[in-house]
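Observations on chain architecture
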Amino acid sequence: MCAKMAFQHQAGTAMECLSIPITLHKEVDGDTMRCGFKIGGGIDQDFHKSPQGYTDNGIYVTEVHDSSPASKSGLRVHDKILQCNGYDFTMVTHKKAVSYIKKHPVLNLLVARKGVTST
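What counts and what doesn't
- Residues numbered from 1 in each chain as written.
- Predicted model: local features only at pLDDT ≥ 70, side-chain atom pairs only at ≥ 80, totals over all residues.
- Heavy atoms only, no water.
- Helix = DSSP H or I, 4+ residues; strand = E, 2+ residues; numbered from the N terminus.
- Buried < 20%, exposed > 50% of the residue type's maximum accessible area, 1.4 Å probe, protein only.
- Contact = heavy atoms within 4.5 Å.
- Areas by Shrake-Rupley, 256 points an atom, 1.4 Å probe, with all protein chains shown as cover.
- Core = buried A, V, L, I, M, F, W, Y, C linked by side-chain atoms within 4.5 Å.
- Phe/Tyr/Trp six-rings, centres within 6.5 Å; stacked < 30°, edge-to-face > 60°.
- Disulfide = S-S within 2.5 Å.

Observations regarding the overall build of the protein
Each helix and strand in the protein was counted, giving two helices and eight strands. Taken from the N to the C terminus, the helices and strands of the protein come in the order β-β-β-β-β-α-β-β-α-β. The proportion of buried residues among the 119 residues of the protein is 38%. For the protein, the share of sequence-separated contacts (at least 6 apart) that also reach a separation of at least 24 residues comes to 68%. For the protein, the accessible area works out to roughly 6,900 Å², and carbon and sulfur atoms hold 50% of it.

Considering unusual backbone geometry
Most peptide bonds adopt trans geometry, and most residues besides glycine take a negative phi value. Not every positive phi belongs to a glycine, and His-78 is a case in point at roughly 80°. Inspection of the secondary structure puts His-78 in the loop between helix H1 (69-73) and strand S6 (80-84). In this structure His-78 comes out as buried when scored by relative accessible area, which is 7%. Within the chain, Asn-85 stands out as a residue other than glycine whose phi angle is a positive 50°. Tracing the sequence through the fold places Asn-85 in the loop between S6 and strand S7 (87-88).

Considerations on the nonpolar core
Judged by nonpolar contacts, the single largest core of 21 residues is most densely connected at Phe-37, Leu-75, Ile-81, Phe-89 and Leu-109. The set of elements that each furnish at least two residues to this core consists of strand S1 (19-25), strand S4 (37-41), strand S5 (59-64), S6, helix H2 (94-103) and strand S8 (106-112).

Some points on the packing of aromatic side chains
For the structure shown, the criterion picks out four aromatic pairs. Ring centres of Tyr-87 and Tyr-100 lie 4.7 Å apart, and the angle between their planes is 20°; this geometry places the pair in the stacked category. Taken together, the residues Tyr-87 in strand S7 and Tyr-100 in helix H2 connect sequence positions 13 residues apart. Ring centres of Phe-89 and Tyr-100 lie 6.1 Å apart, and the angle between their planes is 70°; on these two criteria the pair is classed as edge-to-face.

Describing the state of the cysteines
According to the stated counting rule, one finds zero disulfides in the structure shown. Cysteine Cys-35 remains unbridged, with the sulfur of Cys-84 as its closest cysteine sulfur at 9.3 Å. You can call Cys-35 buried: its relative accessible area is 12%.

That is the geometry; function is a separate question.
Right, here's the structure in full:
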């Protein structure tokens, strides 16, 4: 997507937006638990190389699979994950974010969504 989908937010600074709470219950598939979404970004990534055009080092949802727990919970592509189970995702590496998401069966997310400022 294009750069206008991004927030232009500096990691670690205050951001004025509506935080949208999302609770995602992973589904069990054999020995794994699936959530049905992919992320991009992180403080260790060069956002200038982002194929989605993001303009900061936040953790963004880059893909949501149809009929997945993520889709059913209301998570959308380009949502910026601010918190996961109370853990601050605004100053996290990509690897740490992936690890944190993988280890919890239920994800209580706070996301910011471009263009959403009120309920």
